[in-house]
Amino acid sequence: MAKDLTPQELDELDRLLSEAPGGLEAMDVAMLDGYLCGVLVQPELIDSADWLPLVFDAEGRPLPADADPAWVARTTALIERRHAALRRSLAEEQWFDPIVLQLEGDEEPDPDPAFAALPDYSKPLVPFASGFVTALNAFPNGLLSLTDDTVEQAMDRVARHLPCSDDDERAAMAELDAELPLKNLDEAVEDLVMAIVDLDALTEGQRYHVQPVRHEAPKLGRNDPCACGSGKKFKACCGKN
C-alpha cells in the first residue's frame, strides 16, 4: 500500500510541477489536491490517462516528446501516490488533510478585485476550489450531470471559495452563506473537507456499481448443434455432463 507524501515530498512535487517542460502550465500542489478530489468523487471511476494530462497543463496538452523521463516518472509517481492516499483516506477515515495555500501577511494585495472581495477564510482555499471546479468541468457527464439537490449543495460548498462570475452565482452563494455560515479558516477547511466526504458517499453506489453480464445470443437447446462447430449435438459435446 502506497504511503501518503511527506511534507518534503509535497515540496518536491510542487517544485517538479513548476518545472514542467515545453512551456506547459502545470498545477501547483494546492490546486492539484482539489483537482484529485474532484476526480475521485465523480460517479464513475476515471482512468489516470484521462485525468493526468490536465495536471501537467491547463489545456491538457501532452508532455513534449523530449521531456526528461526521470522527471516524468518521479512527478507521475508522486501524483499517483497522493491520488491513492486521498482515495484511501476518503474510504477509511471519511476525512483528509487538504493542502491549503499559505498566505503571508506581508504579501502584496492581489490586484483582482473579485479575489479581494472574498472572505479572508476563502482566500487560502482558492487553489483547492479552483482545482475541484477544473475536475467538474473536465468531466461534464459526471457530477455536473446529476440533479440531486444534496449533490449540488455539496459542490457549492467547495465552489463558494471562488470569486463569483455573475449575479446568479452571487445570489446562490449568499443564500448558502446564510444557511451554512463560516466564521474562520478552520471552519472553512472543515466544511470543505466534509463537502468532499459527502460527495464521495453520495456517488459511491454509482461509482462501484457492477453491470450484470447479459448474453445476447439465444440459449442452446440440448439437441441443437454445438456452437463450437464440432457437428455434434450440444448435449453430446460441450453440454455433456
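Cut-offs used in this document
Going along each chain's sequence as written, the residues are numbered from 1 onward. Local features in this predicted model are restricted to residues whose pLDDT is 70 or higher, and side-chain atom pairs enter the listing and the counts only when it is 80 or higher, whereas totals over whole chains, interfaces and linings include all residues. For side-chain calculations, the full set of non-hydrogen atoms in the structure is used, while hydrogens and water are omitted. Elements are defined by DSSP. Helices are runs of H or I of four residues or more, strands are runs of E of two residues or more, and each kind is numbered from the N terminus. Buried, partly exposed and exposed residues are distinguished by accessible area as a fraction of the type maximum, computed with a 1.4 Å probe on protein chains only: under 20%, between the cut-offs, and over 50%, respectively. Given the number of residues in a helix, its expected span is that number minus one, multiplied by 1.5 Å. Within 3.5 Å is the distance limit for a polar contact, defined as a pair of N or O atoms, with the added protein rule that one can donate a hydrogen and the other accept it, and that residues adjacent in sequence qualify only through two side-chain atoms. Two joining distances apply to patches: 9 Å for like charges and 5 Å for nonpolar side chains (Val, Leu, Ile, Met, Phe, Trp, Tyr), and every residue must have over 30% relative accessible area and no salt bridge. The Shrake-Rupley method, run with a 1.4 Å probe, gives the accessible areas here. Residue values count only the displayed protein chains as cover. Within this document, salt bridges are pairs made up of a side-chain nitrogen of Lys or Arg and a carboxyl oxygen of Asp or Glu, the two lying within 4 Å of each other. His is not counted, nor are the chain ends, whereas Lys and Arg count as positive and Asp and Glu as negative. Here the site of a charge means NZ on Lys, CZ on Arg, CG on Asp, or CD on Glu. Angles here are taken between N-to-C directions and fall from 0 to 180 degrees, while the axes themselves are lines fitted to C-alpha atoms, restricted in helices to the stretch in contact. Angles below 35 degrees are treated as roughly parallel, those above 145 as roughly antiparallel, those between 65 and 115 as roughly perpendicular, and all remaining angles as oblique. Any pair of residues with heavy atoms lying within 4.5 Å of one another is described as a contacting pair. Ten residue types, Ala, Val, Leu, Ile, Met, Phe, Trp, Tyr, Cys and Pro, are classed as nonpolar, four, Asp, Glu, Lys and Arg, as charged, and the remainder, Gly among them, as polar. Using only the protein atoms, space was sampled on a 1 Å grid; points where a 1.4 Å probe fits but cannot get out form cavities, open sets with protein on both sides within 12 Å along at least five of seven lines form pockets, and lining residues are those with an atom within 4 Å of a point. Grid points are joined across faces, edges and corners, and a volume is the space filled by probe spheres set on the points. pLDDT measures how confident the predictor is about each residue, on a scale from 0 to 100. The definition of a nonpolar core used throughout is a set of buried Ala, Val, Leu, Ile, Met, Phe, Trp, Tyr and Cys residues joined through side-chain atoms within 4.5 Å.

Asker: I'd like a rundown of the environment of glutamine 206, residues and numbers included.
Answerer: Mapping glutamine 206 onto the fold places it in helix H9 (residues 185–207). Residue classification places glutamine 206 among the partly exposed positions, given a relative accessible area of 44%.

Asker: Can you explain helix H4 (residues 69–92)? Please cite residues and give values.
Answerer: With 24 residues, H4 extends 34 Å between its outermost C-alpha atoms, agreeing within 8% with the 34 Å of an ideal straight helix rising 1.5 Å per residue. One side-chain oxygen at the N-terminal end of H4 lies 3.1 Å from the backbone nitrogen of alanine 70; it belongs to aspartate 68. Glutamine 94, located one to two residues past H4, shows a positive phi value of around 50 degrees.

Asker: Quick rundown of a negative patch on the surface? Include the residues and the values.
Answerer: Together, Asp148, Asp149, Glu152, Asp156, Asp166, Asp168 and Glu169 give the surface a local cluster of negative charge. Broken down by secondary-structure element, the contributors of at least two residues to the negative patch are helix H7 (149–159) and helix H8 (167–179). Residue position: aspartate 166 is located in the loop between H7 and H8.

Asker: Describe the pattern of salt bridges, and please don't skip the residues or the numbers.
Answerer: Scanning all chains against the criterion turns up 16 salt bridges. A salt bridge links aspartate 200 to arginine 207, with the shortest nitrogen-to-oxygen separation between them at 2.6 Å. Arginine 207 carries the same exposure label as aspartate 200, and that label is buried. Through salt bridges with shared partners, one network takes in Arg157, Arg160, Asp177, Asp191 and Asp198.

Asker: Tell me about the packing of H7 against H8, and name the residues and values.
Answerer: Between H7 and H8, the shortest axis-to-axis distance is 11 Å and the interhelical angle comes to 95 degrees. Our classification of the angle between H7 and H8 gives roughly perpendicular. Here Gln153, Asp156, Arg157 and Ala159 of H7 lie close against H8, whose contacting residues are Met173, Leu176 and Glu179. Looking at the contact of H7 with H8, its residues break down into 3 nonpolar, 1 polar and 3 charged.

Asker: Break down unusual backbone geometry for me, with residues and values.
Answerer: Even without being glycine, glutamine 94 reaches a positive phi, approximately 50 degrees. Assignment of secondary structure puts glutamine 94 in the loop between H4 and helix H5 (113–116).

Asker: Can you break down the layout of surface pockets residue by residue, with the values?
Answerer: Within this model, the largest pocket holds a volume of roughly 240 Å³. Taken together, Pro7, Leu10, Asp11, Asp14, Asp28, Val29, Ala30, Ile99, Val100, Leu101 and Gln102 form the lining of the largest pocket. Elements that contribute at least two residues to the lining of the largest pocket include exactly helix H1 (7–18) and helix H2 (29–40). Among the elements that take part in the lining of the largest pocket, H1 stands out by supplying 4 residues, more than any other. Tallied by class, residues from the lining of the largest pocket come to 7 nonpolar, 1 polar and 3 charged.

Asker: An account of the side chain of glutamate 9 is needed here, citing residue identities and associated values.
Answerer: Its place among the elements puts glutamate 9 in helix H1. The exposure class of glutamate 9 is buried, given its relative accessible area of 16%. Setting aside its immediate chain neighbours within four residues, glutamate 9 contacts Asp4, Arg74, Leu78 and Arg81.

Asker: Describe the confidence of the model for the chain, and please don't skip the residues or the numbers.
Answerer: Looking at the chain as a whole, its pLDDT mean stands at 89, while 85% of the residues score no less than 70. Confidence scores differ between elements of the chain, with H5 showing the lowest mean pLDDT of 87 and H2 the highest of 98.

Asker: Mind laying out the side chain of glutamine 42, listing which residues take part and the relevant values?
Answerer: Note that glutamine 42 resides in the loop between H2 and helix H3 (48–56). The buried category is assigned to glutamine 42, whose relative accessible area is 2%. Engagement of the side chain of glutamine 42 in a polar contact is seen with the backbone oxygen of glycine 38, the distance being 3.1 Å.

Asker: Just give me the short version of the nonpolar core, but keep the residues and values in it.
Answerer: Among the nonpolar cores identified, the biggest contains 58 residues, and Tyr35, Trp51, Ile79 and Ile196 are the most heavily contacted of them. At the level of elements, H1, H2, H3, H4, helix H6 (126–138), H7 and H9 are the ones that each hand at least two residues to this core. Residue contacts for tyrosine 35: discarding those within four places in its chain leaves Met27, Trp51, Leu54, Val55, Gly131, Phe132, Thr134, Ala135 and Phe139.

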